[in-house]
Amino acid sequence: MRKIYFVKYNNWSSAILCADQIAEALRAHGHDAWSVGPRDVRGVRDAIFVFVKIARWWHVARARHNRNITVYDVQDALAFDGRIKNRALFDAILWRNRRQFEDYGRPEQTNRV
């Protein structure tokens, strides 16, 4: 089973709720899941990276180059930007509600609400 890394760029409450608490809950159920900063995953291969709220293109590109699955957890990013930056770099997107999916989702990409 692949390791799961929730990549967060800050300690905002929403990032803590998503990254820290979900990683802890997954570990409690036997999964290898961790909440980390972007610099902590430089050499990681064959894992799943869930970028929480923010995703710098060079970190996502490096993760893809290392054969990792890249997922973007939108959270409230669309309220501020109105778009998903570097969307083509992600293998999947996690939407917070059906409305986000209907407005921004793409059929060729793996989407989950």
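In short, a report on the structure. Along each chain, the written sequence defines residue order, and numbers are assigned to residues from 1. Local features in this predicted model are restricted to residues of pLDDT 70 or higher, and side-chain atom pairs are both shown and tallied only at a pLDDT of 80 or more, whereas totals for entire chains, interfaces and linings draw on every residue. Only hydrogens and water are removed before side-chain values are computed, so all heavy atoms of the structure are retained for them.

### Quick word on helix 1 (residues 13-28)
Structurally, the α-helix is built with 3.6 residues per turn, so residues lying three or four positions apart point the same way.
Phase 1 of the analysis: Taking 1.5 Å per residue, 16 residues should reach 22 Å; helix 1 reaches 21 Å between its end C-alpha atoms and fits that length.
Phase 2 of the analysis: Only protein chains enter the area calculation, which uses a 1.4 Å probe; residues under 20% of their type maximum are buried, those over 50% are exposed, and those in between are partly exposed. For helices the rule is a DSSP run of H or I covering at least 4 residues; for strands it is a run of E covering at least 2, with both sets numbered from the N terminus onward. For helix 1, the full list of buried residues reads S14, A15, C18, A19 and A23.
Phase 3 of the analysis: Here, residues are in contact when the closest pair of their heavy atoms is within 4.5 Å. Looking at the packing, one finds that the buried side of helix 1 touches strand 1 (4-7), strand 2 (33-36), strand 3 (48-52) and strand 4 (69-73).
Phase 4 of the analysis: Just downstream of helix 1 lies G30, where phi reads positive at about 90 degrees. Each residue after the first adds 1.5 Å to the expected span of a helix.

### Concerning the pairing of strand 2
Phase 1 of the analysis: Strand pairing is assigned whenever DSSP identifies at least 2 bridges connecting the two strands. Here 4 bridges tie strand 1 to strand 2, and the two strands are oriented parallel to one another. Of the residues in strand 2, the one forming a bridge with F6 is S35.
Phase 2 of the analysis: Whether a crossover is right-handed depends on one test, that the path from the first strand over the helix to the second runs clockwise when the strands point away from the viewer. At this point the chain moves from strand 1, through helix 1, to the parallel strand 2, and the crossover so formed is right-handed.

### A few points about the packing of aromatic side chains
Phase 1 of the analysis: Classification of ring pairs rests on two measures: the distance between centres of Phe, Tyr or Trp rings, Trp counted by its six-membered ring, which must be within 6.5 Å, and the angle between planes, read as stacked under 30 degrees, edge-to-face over 60 and tilted in between. A complete count under the given rule lists 5 aromatic pairs for this structure.
Phase 2 of the analysis: Taken together, a centroid distance of 6.3 Å and an interplanar angle of 70 degrees make the contact between F51 and F90 edge-to-face. On the criterion of sequence distance, the pair formed by F51 in strand 3 and F90 in the loop between helix 3 (77-81) and strand 5 (92-94) is long-range, its members being 39 residues apart. In this pair, the class of F51 matches that of F90, namely buried.
Phase 3 of the analysis: Judged by centre distance (5.8 Å) and plane angle (85 degrees), the ring pair of W57 and W58 falls under edge-to-face.
Phase 4 of the analysis: W57 gets classed as partly exposed once you look at its relative accessible area, which sits at 49%.
Phase 5 of the analysis: Judged by relative accessible area, W58 falls into the partly exposed class, the value being 43%.

### Things to note about unusual backbone geometry
Phase 1 of the analysis: Here D46, not a glycine, exhibits a phi torsion of approximately 55 degrees, which is positive.
Phase 2 of the analysis: Summarising the element assignment, D46 is placed in the loop between strand 2 and strand 3.
Phase 3 of the analysis: For K53, which is not glycine, the phi dihedral falls at a positive 65 degrees.
Phase 4 of the analysis: By secondary structure assignment, the location of K53 is in the loop between strand 3 and helix 2 (57-65).
Phase 5 of the analysis: You can call K53 buried: its relative accessible area is 14%.

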